[in-house]
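Structural characterization, general
Residues per chain are reported as follows:
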Amino acid sequence: MIKNIFFAAAMGTLLLTALPAAADGDYRAKAIAVIKKDFQPHGQASLDRLAEDGLQAVCNRTGNKPPEYMVKQLEADQLADVKYPADGKLMGDWKSGEKLAQSGRGFTWSDDPGLPVGGNCYNCHQISPKETSFGTIGPTLYQFLKLRGTQPDIQKYVYSKIYNAKAYNTCSDMPRFGHIGALKEKQIKDLVALLLDPESPVNK
Ligand code: HEC
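Residues numbered from 1 in each chain as written. Predicted model: local features only at pLDDT ≥ 70, side-chain atom pairs only at ≥ 80, totals over all residues. Heavy atoms only, no water.

Things to note about helix α4 (residues 68-80)
With 13 residues, α4 ought to run about 18 Å at 1.5 Å a step, and its terminal C-alpha atoms sit 19 Å apart, in line with that. Residues of α4 that are buried include every one of Val71, Leu74, Glu75 and Gln78, and no others. Along the axis of α4, the buried residues cluster in a sector spanning 95°; they form a single face. Turned more than 90 degrees off the buried face of α4, the exposed positions are Tyr69, Lys72, Gln73 and Ala80. (Helix = DSSP H or I, 4+ residues; strand = E, 2+ residues; numbered from the N terminus. Expected span 1.5 Å × (residues − 1). Buried < 20%, exposed > 50% of the residue type's maximum accessible area, 1.4 Å probe, protein only. Arc of directions from axis to C-beta.)

Let's talk about the packing of aromatic side chains
With the rule as written, the count across this model stands at 3 aromatic pairs. Taken together, a centroid distance of 4.9 Å and an interplanar angle of 85° make the contact between Tyr157 and Tyr168 edge-to-face. With Tyr157 in helix α7 (residues 154-163) and Tyr168 in the loop between α7 and α8 (185-196), this residue pair connects regions lying 11 residues apart in the sequence. Assessed through its relative accessible area of 23%, Tyr157 is described here as partly exposed. Through a chain of ring-to-ring contacts, the aromatic side chains of Tyr84, Tyr159 and Tyr163 assemble into a single cluster. (Phe/Tyr/Trp six-rings, centres within 6.5 Å; stacked < 30°, edge-to-face > 60°.)

Concerning the coordination of the iron atom of the ligand
The protein atoms donating to the iron atom of the ligand are His125 (NE2) and Met174 (SD), with metal-donor distances spanning 2.0 to 2.2 Å. Around the iron atom of the ligand sit 6 donor atoms, and with donor-metal-donor angles ranging over 84 to 179° the site reads as octahedral. Here His125, found in the loop between α5 (94-102) and α6 (144-148), pairs with Met174, found in the loop between α7 and α8; they are 49 residues apart in sequence, far enough to count as distant. (Donors = N, O, S within 2.8 Å, 3.2 Å for Na, K, Ca; no water. Tetrahedral: all angles 85-135°; square planar, octahedral: opposite > 155°, others 65-115°.)

Structural notes on the state of the cysteines
In a disulfide, the sulfur atoms of two cysteines are covalently bonded to one another. On inspection of all chains with the given rule, the structure shows 1 disulfide. Across a sulfur-sulfur distance of 2.0 Å, Cys59 and Cys171 are joined as a disulfide pair. Between Cys59 and Cys171, the S-S torsion sits near -85°, and that sign places the bridge as left-handed. Residue Cys59 is located in helix α3 (residues 54-61), and its partner Cys171 is located in the loop between α7 and α8; the two are separated by 112 residues in the primary sequence. We note that Cys59, like Cys171, is buried. (Disulfide = S-S within 2.5 Å.)

A closer look at the site of the ligand
In the neighbourhood of the ligand, 22 residues make up the surrounding shell, with Cys121, Cys124, His125, Tyr157 and Met174 lying closest. One of the side-chain nitrogen or oxygen atoms of His125 is found 2.8 Å away from a nitrogen atom of the ligand. Within the side chain of Ser172, one N or O atom sits 2.6 Å away from an oxygen atom of the ligand. Secondary structure elements with two or more residues in the shell around the ligand: α6, α7 and α8. (Near = heavy atom within 4 Å. Polar contact = N/O pair within 3.5 Å; in protein donor to acceptor, adjacent residues only side chain to side chain.)

Everything listed here is a matter of geometry and, on its own, says nothing about what the molecule does.
As structure tokens, this is what we get:
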């Protein structure tokens, strides 16, 4: 069952991307009208999330393959959007990160807007070996330290990747957690620790 707005949004994108490019304007406008008709605003799930921003517009109209000359600038714009912690610390507590990675709550019509939004990471990634139920849309993150090494910039890379995945892969399927305000600074730090702390089960 699809419980999750990220997947609902991804399905909408797939539908629009699959439309023939030649009659783009006409089909697109009709498809958008049909989709909008089927959605009702409810609770914190308002209709503004059906609108695409500039980057999504480029991805949606190029089958997720923007021309090479645009890619560098588009990704630089996304990276410029990342806000790093004022205290300069990018690693938090992996135990809280694991709880967050497990939680798929948040941003749906029945959610209390006062409660934190979950990270939803296991829906797409293998992470800790203790969790045997996971999705495979994204690559495995198990043994992430070994995979990516311990070079000095790795924490910064992981923080920014979670904050805005499109800064490194223009039309990434991974939600831009910091950019859309789903995850707060402390939560992203906790997820960085889940992937990079040597004590985390991910790296055992
Ligand atoms: C809807 C699916 C989806 C969700 C949910 C998702 N990811 Fe991803 N993620 C991907 C995909 C696809 C990739 C590979 C393509 C890319 O890099 O954008 C990826 C790549 C990554 C990478 C880069 C891996 C590397 O080797 O450098 C990291 C780190 C990551 N995800 C962490 C997370 C974390 C942490 C969460 C939860 C907060 C999460 N992802 C949630 C789909 C997802």
